[in-house]
Every structure is written in structure tokens, then in C-alpha cells.
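As a plain string of letters, each chain reads:
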Amino acid sequence: MTGTTGITLTGRPGAGAARPVKAPPLRPQNRQLAVLAVLLLVAVPLPLVLPPAQGAVAVRILIFALMAVGWNVMSGFGGMFSFGHAAFFGLGAYTSAYLLVEHNVSPWIGMLAGMAVAAAVAVVIGYFAFRYRLQGAYFALATFAFAEMLRLIVTTTEFTNKAVGFTVPLIRGSSLWKIQFAADSPAYFWIALGLAGLAALVSILFLHSRTGRYVTAIRDDEPAAASLGTPVMRYKLMTVALSAAITAVAGAFYTQYYLFVNPDLAFGSSVSIQAIATVVIGGIGTIWGPIVGAIILGSLSDVTATLLRTPPGFLDFLQGRSGLDVAVYAVLLILIVRLLPKGIVGTIAARWRR
Amino acid sequence: MSNSGTKTEPPPAPAVRRGPLARLSPGDGTGALLKRAAATGGLVAVAIAIALIKSGSGLVVWQSVVTGLLMGGLYGLIAMGLTLIFGVLDIVNFAHGALLAIAMFIAFGVVQGTGLHPYLTLLVAVPALFLIGAVVHRGLLSGTGGASLENQLLITLGLSLLLENGLLMFFGAEPKNVALPGDFQFSLFGAVVSGARLYAFLGAIAIGALLFWLLRRTRFGTAIRAVAANGPGAELVGVNVRRVHTLTFAIGTACAGAAAVLAAPLVTVTPTLGEQFNITAFVVVVLGGMGNVAGALVGGLLIGLVEQLTTIYMDGQSSLLGVFAVFLIVLFLRPQGLFGRRS
């Protein structure tokens with residue numbers, strides 16, 4: 001996962017708006033923050049302009065973006081290829097759903113609790129994985145196994161309602177404190193936008209912080225970083241915890257938006273794959289890759305759904321069948337990895353610099 | 001399933017890319033190997049004894065052991081293909097399960113269409129999967145684009161999503177059955193065994209033996225092992241490495257094809273069934289040592305046992321939970337697998 005960093009050592013100052021270059025340390029960060037601010041400003045009026053059906057797509061894109069930003073922190077910046085982010089998404093979703101359903105706790109607090117739980121679990125998983133020096137395929141398989149174990153445990157535990165999961169109790173009217181509004185309310189979009197914007201902000205600040213620099217150094221050459229006195233384990237664990245916390249926010253918001261969560265939706269391997277595919281298509285280890293990937297994949301399922309509702313002649317046999325959206329994004333994933341291994345943003349940035 | 005004799009120190013460097021020639025055979029010193037085999041056998045005996053105490057019925061445990069071992073043979077066959085691909089090409093093939101599902105649908109289609117005996121579909125499914133494997137390797141995995149470990153993982157992951165959802169689109173999600181004509185049941189010292197299960201086990205062992213013979217006793221097998229040990233070296237002495245890679249990948253997927261036909265009468269055929277087999281096969285591969293073909297067979301038998309014993313230990317839990325627990329313990333304590341060599 002090397003080579004597509006947010007921090008690079010080559011390149012002229014002032015080249016490429018979305019691409020950090022080595023320069024006075026604060027500049028790329030400020031530029032990225034400015035781009036983020038512009039993006040957010042442009043996005044704010046969107047729900048007032050878009051038709052309601054597109055509004056739901058926009059919220060889904062933002063949930064994907066949250067997951068992707070979270071995965072990217074660990075696997076892109078940190079170089080630790082996680083195949084089990086469903087674990088953190090699910091912990092976020094279940095913690096907040098459990099607190100809300102059983103103890104009537106506000107989802108905002110549930111979200112924070114979910115972040116804490118996910119981060120703690122991530123530190124435990126990370127500790128064992130790093131302690132026993134799992135790398136590459138072994139690390140990916142271990143994270144996958146942890147997520148699947150959580151799914152199996154949640155599916156068979158009374159405490160988490162077994163396979164049924166949780167349904168968010170409906171309230172009368174709308175409430176910001178309970179994160180519940182009318183189904184087509186733009187408030188969902190604004191909250192998701194705020195959360196995703198915050199996550200992107202955190203990932204930018206993290207990448208340019210001292211910790212972020214240590215982490216990218218460890219990713220690029222762990223023995224070298226360690227020999228210079230970087231506390232490798234501590235920084236890896238911090239990265240993993242941050243990544244898990246961001247992903248947990250996605251899970252908690254997901255539950256509030258769809259009002260329902262079950263073991264497969266929360267902990268299923270498709271959640272992990274979703275996070276991975278989004279970032280890989282957008283560009284691993286870049287700031288904007290997860291966002292671009294989320295926009296592409298989030299709108300993709302809407303496009304294929306529309307296509308299947310009124311299929312053109314040659315696709316008639318597919319009417320009422322499922323699977324096309326995932327098949328299309330699988331093809332996209334393969335093509336991107338084969339043709340643009342740096343992802344869309346990474347490739348554009350590399351072109352720009354040349 | 002950890003080895004009590006080796007718990008004292010953490011394992012050294014991860015076993016990701018290390019002398020793969022050794023991984024194609026249980027190449028440890030015989031003494032160490034025997035010791036580990038004895039320790040493994042001891043653990044299995046203890047696990048069975050605990051199951052006996054827990055369930056209180058000898059028959060229940062005996063039935064589990066028989067079922068587990070018979071199913072384990074199939075897991076072993078699936079994992080042999082996976083481990084061969086990993087040992088020679090260093091590819092973690094996430095599409096293995098999806099390819100298995102494709103083969104099952106081929107078997108289902110042929111049986112439906114022509115009324116052939118299910119086992120005769122081996123003649124169609126195995127060559128078909130061999131061909132698919134060769135095409136997949138040539139088209140997607142060889143060359144520069146598929147260079148890094150992550151990229152290969154992502155490509156095979158994308159492929160598995162594509163195949164699974166392709167099956168879903170064309171065949172729908174309704175489960176299908178491949179019935180074995182003239183299936184029978186018999187009692188093995190009290191345990192009920194169906195003919196289909198026994199045939200599947202024997203077939204898996206026979207194909208495993210064939211694969212082992214191919215690797216150890218033929219010129220082509222020698223070439224495969226040479227490429228696994230040292231690609232550039234093999235190239236220098238005139239081995240066509242790219243061809244060996246493609247053929248090895250194809251043989252690996254053909255194993256999945258054979259396993260699919262043998263397993264088809266035992267399961268309900270759905271587009272997503274490959275997923276679970278894939279997970280189990282990964283566990284078996286790690287347990288047996290990545291790249292170790294004989295280890296895969298033994299690992300398959302062990303995982304078959306673990307699955308069955310889990311349902312005795314933990315009532316109402318999925319049998320996969322025990323498999324994952326074993327998986328993590330092995331990953332942490334013996335990432336080179338039970339029969340892998342320490343470097």
C-alpha cells in the first residue's frame with residue numbers, strides 16, 4: 001500500500017489543488033482544509049435542490065464516505081490492510097441501538113459510546129495482531145475472522161436479540177436529540193454531512209499531525225522507523241483506534257437513518273468489502289479517494305436499481321433479479337485494480353504532478 | 001489447536017514468503033514432525049474426551065467424529081487447491097469459493113439437462129473449472145497489474161463478488177438440490193453414514209493422492225515445485241514459469257471443481273454457498289501451513305472435527321465459531337501452520 005501517500009517527498013510546491021506536496025508543513029494541510037470547506041458549502045443546499053429519491057442516495061453516499069474515511073485511516077495511511085471493518089461498523093451500530101432501545105439513551109451519546117467500544121475492541125485486536133506480527137494476508141484474514149466471530153456471537157446471543165437485531169422505536173414528531181425526523185427530511189442529510197465532514201477533517205488533521213507522520217513512516221518502512229526510536233506499537237494502535245471510532249460513527253448513524261439493524265447488516269462481510277471497495281476505487285491512502293469512491297459506489301446502486309425497474313430490451317431477463325449492482329461494482333473494482341492501481345484520485349494526482 | 005511444546009516464545013517472522021519448497025511437503029525433521037503430530041493427536045483426543053463428558057453419550061460423539069472426518073476430507077480437497085495456488089503463486093485466492101459454487105451450478109445444470117449421474121458431471125465440471133482457472137489467471141492475475149499481494153487479493157475478491165452475483169442474477173436465490181440416485185445409508189459401529197458422504201470422502205482422498213503423485217512423481221510436478229522454491233532459478237534452467245503459474249492456478253481451481261461435484265449431493269446449492277466453504281478452506285490452509293498440500297488434507301480433517309465438536313460444546317452456536325477460534329489461535333501461535341517449518 002505504499003506509493004499513494006497523502007504526504008509525498010517529490011513534486012513542486014503549488015502543483016495540484018487536491019494533492020499535498022512537500023513544502024512548508026502547513027500549506028498542504030491548509031489547502032486540503034480549504035477544499036473541504038468549499039465541498040461542504042456546496043453540499044449544504046443539496047437536499048433542497050434534489051428530488052427526495054436522490055436525497056436518500058445522497059445520505060447513503062455520506063454513510064459510505066464515513067466508512068471509507070475510517071477504513072482509509074487504518075489501511076491507507078497506516079498500511080494495515082483490514083478485512084474486518086464490519087466489526088467496528090457493527091459495534092457502533094449495536095452499541096447505539098442497544099442503548100437507545102433498552103435504556104432510552106440519545107443516539108448521540110450512543111454514538112460516542114459506540115466509538116469508545118469500537119476503539120477499545122480495535123486496540124485489543126490490533127494488539128494481538130501486532131504482538132504476533134501478522135502481516136499481509138495473515139493480518140487481513142485475522143481481522144476478517146474477528147469480524148465474523150462477532151457476527152456469529154451477536155447472532156446467537158439473547159442480549160443482542162439474536163438474529164432479529166434492533167428496531168429503533170419511533171417517536172412522535174421529530175427530534176434532533178433522538179436523531180429522528182420525517183423520512184424525507186433534509187436534516188438527515190445535514191447531520192450525515194456534518195459527521196462525514198468532521199471525519200474528513202479529522203483524517204486531514206491526523207495525516208499532517210506528528211502522529212500521522214509517524215504512522216506513514218511506519219507504513220513505508222517499519223524497521224527504519226523503529227530503529228529511529230518511533231514507538232511502533234503505540235502509533236499503530238492509535239491509528240487502529242481512530243479508524244475504528246470513525247467507522248463506528250457510520251454504524252450508529254446507519255441505524256438511526258434506516259431505523260433497523262441486524263447481525264448481517266452490521267457485521268456481515270459485505271460491510272467490510274463495501275469499505276474496502278469504496279477506498280480502492282477512489283484511491284487508497286489519499287484524502288479525497290474515500291469521498292470520490294463513495295460518490296461513485298453510492299450512486300451506482302441507484303443507477304442499477306433504476307435500470308432494473310425499467311430494463312432496456314437486452315436486459316429484460318434481469319427484471320426482478322438482484323445482484324446486478326454488486327456485479328457492476330465488482331467489475332469496477334477489478335478494472336480499477338488492474339488499470340489504475342492507485343485509484344481514481346491517486347492516478348489523477350500522479351498525472352498532475354508530472 | 002496450539003502446540004503445547006512451542007508456546008514459550010512468540011513465533012518469529014511471519015510466514016508470508018518463506019522457502020515455499022518446504023511448504024509443498026511436510027519437510028520438517030521427522031522427529032519434530034512426529035512430536036507435533038503426537039501433540040495434535042493428543043489435543044484431538046482431549047477434545048473428544050471433553051465432548052464425551054459434556055454430552056454424556058458415546059454414540060453422539062462417535063457420530064460427530066465420523067461426520068466430521070468425512071466432511072473434513074472434502075474441506076481438505078477444497079483447501080488443497082487453495083494452498084497449491086498460494087504455495088506456488090503467492091496468491092490469496094478469495095474467488096476459490098465462488099469458483100466452487102460455479103462448479104456446483106455446472107453439475108446441477110448438467111444433471112438437470114441431461115439426467116447424467118451426478119458423479120459423471122466430474123467429466124464436465126473439472127475440465128470447465130480448469131479452463132476457467134487458466135483464463136482467470138491469464139486474464140486477471142498475471143502480468144504487472146496483479147503484482148502486489150493486496151492487488152491480487154482485491155482482484156480475486158472482486159471476481160468472487162462478480163461470480164456470486166452473476167449466479168444470483170441468472171439462477172436466482174432459490175436453493176437447488178442435486179439428488180444422488182440410489183443413495184443409501186449404513187451404520188458404522190452405530191454411526192449413521194450416508195453413501196453420498198462416504199463417496200465424497202473417498203473421492204476427496206483419491207484426488208488428493210492423485211495431486212500428491214502429480215507433484216512428487218512427475219516432471220511437471222517437479223517443475224511446479226521448482227517454481228515454488230525459486231521462480232527466477234527455475235526460469236534459468238528452462239522452466240516456462242508463466243505457463244507453470246497458469247497451469248497451477250488451473251489445477252487449483254480444478255480441485256475446487258472436483259470438490260464441488262462430490263459435495264453437491266450433500267448440500268443445498270445456492271449462489272452464496274461458496275462463501276462459507278471459502279472461509280473454512282482458508283482456515284484449513286492456515287492450519288495445514290500455507291502451501292502445504294498434505295497439511296491441507298490433515299487440516300481439513302481437523303477442521304471437520306472442530307466443526308462437529310463445536311456443536312456439542314456450545315449448544316445453539318454456529319459451528320463456524322469454533323472454527324474461527326481455532327483459526328485465531330493458530331494464526332497467533334503458529335502462523336506457519338501445524339506442519340509448517342519454522343524459519
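This structure is a prediction, so every number in the text was calculated from the model and none was measured.

S.K.: Please explain the overall build of chain A as it appears in this structure.
M.R.: From N to C terminus, chain A includes 15 helices and two strands. Relative to its full complement of 354 residues, chain A shows a buried share of 51%.

S.K.: Would you mind showing me how to read the overall build of chain B here?
M.R.: Counting its secondary structure elements, chain B contains 13 helices and two strands. Taking all 343 residues of chain B together, the buried fraction comes to 51%.

S.K.: Please explain the pairing of strand S2 (residues 191-194) of chain B as it appears in this structure.
M.R.: Each regular strand carries side chains that alternate between the two faces of the sheet. Residue and element names in this part refer to chain B. Bridge count between strand S1 (residues 185-188) and S2: four bridges; the pairing is antiparallel. Residue pairing for S2: serine 187 is matched across the bridge by valine 192. Counted along the chain from S1 to the antiparallel partner S2, the turn is two residues long, and its residue phenylalanine 189 has a positive phi close to 50°.

S.K.: Even after reading the chapter, I still don't get the interface of chain B and chain A, so can you show me in this structure?
M.R.: If you look at the interface, chain B gives 37 residues, while chain A gives 34 residues. Of all the elements, helix H6 (residues 149-171) of chain B adds the most residues to the side of chain B that touches chain A, at 15 residues.

S.K.: Explanation requested: helix H4 (residues 86-103) of chain A in the structure shown.
M.R.: Along an α-helix, residues three or four apart share an orientation, since each turn contains 3.6 residues. All names here are of chain A. The end-to-end C-alpha separation of H4 is 24 Å, in line with the 26 Å expected for 18 residues at 1.5 Å each. Of all 18 residues making up H4, 15 are buried, and the element is well covered by its neighbours. Two residues or fewer past H4, asparagine 104 is found with a positive phi of approximately 55°.

S.K.: Please clarify how the confidence of the model for chain A should be interpreted in this entry.
M.R.: Should pLDDT be low for a region, the predicted coordinates there are not to be read in detail. Of all residues in chain A, 90% have pLDDT values of 70 or greater, and the mean over the chain is 85. Taken together, the stretch residues 1-17 of chain A has pLDDT below 50 and engages in 43 contacts with residues farther than four places along the chain or on a different chain.

S.K.: Where do I start with the UniProt feature "transmembrane region" (unreviewed entry) in chain A in this structure?
M.R.: Residue and element names in this part refer to chain A. UniProt's feature table lists "transmembrane region" (unreviewed entry) at residues 33-50, 56-74, 107-130, 137-154, 187-207, 237-259 and 328-350, given in the numbering used throughout. Taken end to end, residues 137-154 has its terminal C-alpha atoms 26 Å apart, with 100% of it in helix and 0% in strand. The straight-line gap between the two end C-alpha atoms of residues 187-207 is 30 Å; of that span, 100% is helix and 0% is strand.

S.K.: I tried to follow the nonpolar core on my own but got confused; where do I start?
M.R.: Looking at soluble globular proteins, one finds that nonpolar side chains tend to be buried together. Counting 227 residues, the largest nonpolar core has Leu66 of chain A together with Ala103, Ala107 and Ala259 of chain B as its most contacted members. Broken down by element, this core gets its largest block of residues, 16 residues, from helix H3 (residues 58-89) of chain B. In this structure, alanine 103 of chain B is in contact with Ala125, Leu129, Ala256, Gly257, Ala260 and Val261 of chain B, ignoring residues within four places of it in sequence.

S.K.: Which parts of the structure should I look at to understand the environment of isoleucine 63 of chain A?
M.R.: Residue and element names in this part refer to chain A. Relative to the helices and strands, isoleucine 63 resides in helix H3 (residues 52-77). Linking isoleucine 63 and leucine 195, residues 132 residues apart in sequence, is a C-alpha distance of 9.1 Å. Discounting residues that sit within four places of it in the chain, isoleucine 63 has contacts with Ala192, Ala250, Phe253 and Tyr254.

S.K.: What should I look at first to understand the packing of H3 of chain A against helix H10 (residues 232-258) of chain A in this one?
M.R.: How two helices sit against one another is set out by the angle between their axes and by the gap between those axes. Residues and elements named next belong to chain A. With their axes 8 Å apart at the nearest point, H3 and H10 run at an angle of 165° to one another. Judged by the angle between their axes, H3 and H10 are roughly antiparallel. Pair H3 / H10 crosses with left-handed handedness. Facing Val59, Ile63, Leu66, Met67, Val69, Gly70, Trp71, Val73, Met74 and Phe77 of H3, the residues of H10 in contact are Thr239, Val240, Leu242, Ser243, Ile246, Thr247, Val249, Ala250, Phe253, Tyr254 and Tyr257. Looking at the contact of H3 with H10 residue by residue, the classes come out as 17 nonpolar, four polar and no charged.

What counts, and where the lines are drawn
Residues numbered from 1 in each chain as written. Chains lettered and ligands numbered in written order. Predicted model: local features only at pLDDT ≥ 70, side-chain atom pairs only at ≥ 80, totals over all residues. Helix = DSSP H or I, 4+ residues; strand = E, 2+ residues; numbered from the N terminus. Buried ≥ 20, exposed ≤ 12 C-beta atoms within 10 Å, placed from the backbone. Pairing = 2+ DSSP bridges. Contact = placed C-beta atoms within 7 Å. Expected span 1.5 Å × (residues − 1). pLDDT = per-residue confidence, 0-100. UniProt positions renumbered as here; feature names shortened; annotations may be inferred. Core = buried A, V, L, I, M, F, W, Y, C linked by C-beta atoms within 7 Å. Axes fitted to C-alpha atoms, helices over the stretch in contact; angles between N-to-C directions. Parallel < 35°, antiparallel > 145°, perpendicular 65-115°, else oblique. Left-handed = near helix turned anticlockwise from the far one by under 90°. Nonpolar A, V, L, I, M, F, W, Y, C, P; charged D, E, K, R; others polar.

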